[in-house]
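Summary of the model geometry
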Amino acid sequence: MIPLATCPRGSEADVRRSQEGEAARICYVAVMGDIYGRDLAVIHVDAFEALAASAAETLLKALFERDLSGRVLDLGCGAGPLSQRIGQRGFPTWGLDISPAMIALARERLPQAELDCGSVLEADLPQAVAVAAVGEVLNYATAHDPRGLTHVFQRVFEALEPGGVFLFDLAGPRRVGVGASFKEAASWAVGVVATESDDLLVRKITTFRDLGDSAWSRSFEEHRLRLWPAAGVMER
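Notes on the structure in this doc start here. (Residues numbered from 1 in each chain as written. Predicted model: local features only at pLDDT ≥ 70, side-chain atom pairs only at ≥ 80, totals over all residues. Heavy atoms only, no water.)

Closest axis-to-axis distance for the helix H2 (residues 50–65)/helix H3 (residues 81–88) pair is 8 Å, and the angle between their directions is 35°. The two elements H2 and H3 meet at a crossing, and its hand is right-handed. Contacts between H2 and H3 pair Ala52, Ala53, Ala55, Ala56, Leu59 and Leu60 from the former with Pro81, Leu82, Arg85 and Ile86 from the latter. For the contact of H2 with H3, the class distribution of residues is nine nonpolar, no polar and one charged. (Axes fitted to C-alpha atoms, helices over the stretch in contact; angles between N-to-C directions. Helix = DSSP H or I, 4+ residues; strand = E, 2+ residues; numbered from the N terminus. Left-handed = near helix turned anticlockwise from the far one by under 90°. Contact = heavy atoms within 4.5 Å. Nonpolar A, V, L, I, M, F, W, Y, C, P; charged D, E, K, R; others polar.)

A word on unusual backbone geometry. In this structure, Asp198 takes a positive phi of about 55° despite not being glycine. Phi at Ser214 is positive, roughly 60°, even though this residue is not glycine. If you trace the backbone, Ser214 turns up in the loop between strand S11 (200–212) and strand S12 (215–226). The exposure class of Ser214 is partly exposed, given its relative accessible area of 34%. (Buried < 20%, exposed > 50% of the residue type's maximum accessible area, 1.4 Å probe, protein only.)

Let's shift gears to the nonpolar core. Core analysis: the largest hydrophobic core is formed by 22 residues, its most contacted members being Leu73, Leu75, Val120, Leu125, Leu138 and Val156. Elements represented by at least two residues in this core include exactly strand S4 (72–75), strand S5 (93–97), strand S7 (128–133), helix H5 (137–141) and helix H6 (147–159). Sort the elements by how many residues they give to this core and H6 lands first, with five residues. Sequence-distant contacts of Leu75, that is, excluding residues within four places in its chain, are made with Trp94, Leu96, Val120, Leu125, Val131, Ala132, Ala133, Val134, Val137 and Val156. (Core = buried A, V, L, I, M, F, W, Y, C linked by side-chain atoms within 4.5 Å.)

As a further point, take helix H4 (residues 100–109). Along H4, the residues that are buried comprise Ala101, Met102, Ile103, Leu105 and Ala106. Those residues of H4 that are buried lie in contact with helix H1 (38–47), S5 and strand S6 (114–117).

Attention now moves to the sheet that holds strand S8 (residues 160–168). If you walk across this open sheet you meet the five strands as S6-S5-S4-S7-S8, and the pairing is parallel. The open sheet is flanked by S6 and S8, the only strands paired with a single partner. Each strand of the sheet is rotated relative to its neighbour by a mean of 15°, with strand direction disregarded. Here S4 pairs with S7 via three bridges, running parallel. If you follow Leu73 over to S7, its bridge partner there is Val131. Across the sheet, H2 lies against S4, S7 and S8, angled at about 155° from S8, the strand it touches most. Relative to the sheet, H6 contacts S4, S7 and S8, its axis offset from that of S8 by approximately 140°. (Pairing = 2+ DSSP bridges.)

The full count for this structure, using the stated rule, is eight salt bridges. The shortest N-O distance in the salt bridge between Arg209 and Asp39 comes to 2.8 Å. Here Asp39 lies in helix H1 and Arg209 lies in strand S11, a separation of 170 residues in the sequence. Here the two residues Arg209 and Asp39 agree in accessibility, since each one is buried. Two residues, Glu65 and Arg66, come together in a salt bridge whose shortest N-O distance is 4.0 Å. (Salt bridge = Lys/Arg side-chain N within 4 Å of Asp/Glu carboxyl O.)

Given below as structure tokens:
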């Protein structure tokens, strides 16, 4: 059995693998940071991009049905799965995400794409024929202030060309699973404890990621999302 040693917090470069006799100690790096740090971002790319891929097909259908051509904005773009599929069909894209780690992965995947790191509440949105905000992007953006939803809608309206398309989703009360869940692959594992109270969903996420050479990174994130009933959205 391999004993575990406690390591100081830091980056992946701080991981150490030491030898004590025949037993190798694995050093875990515990990281407390903003949402979608490097560990969770890498895991998300590996296993949680199906929704964005499906949304891309829905958006493409709407664009072709309306005979639209021009730029598509991908708000909360993550590592760029939606932008990638939209771009492959000939549409220029512009992606925005609040996570530097996600934007870094998106730039690796789409080196020629326009990508910015920032908030959907503040970043300047260029003119476009379509805007996508899928994967609970607006739930995250409005976690601390529900007025943010109206603000985002207004900003999107101003960015869209006449006849443009806005594709978005919003998680509602009792729609998202609560309780504990766990998922793993050969090089990572992620555990989530989710609680819901009134219009707030809190996810406490612990990840483990294989860095190679018997070293693993352990990270923790707490995500807060505002839940939106359909009636509340329509009022905006």
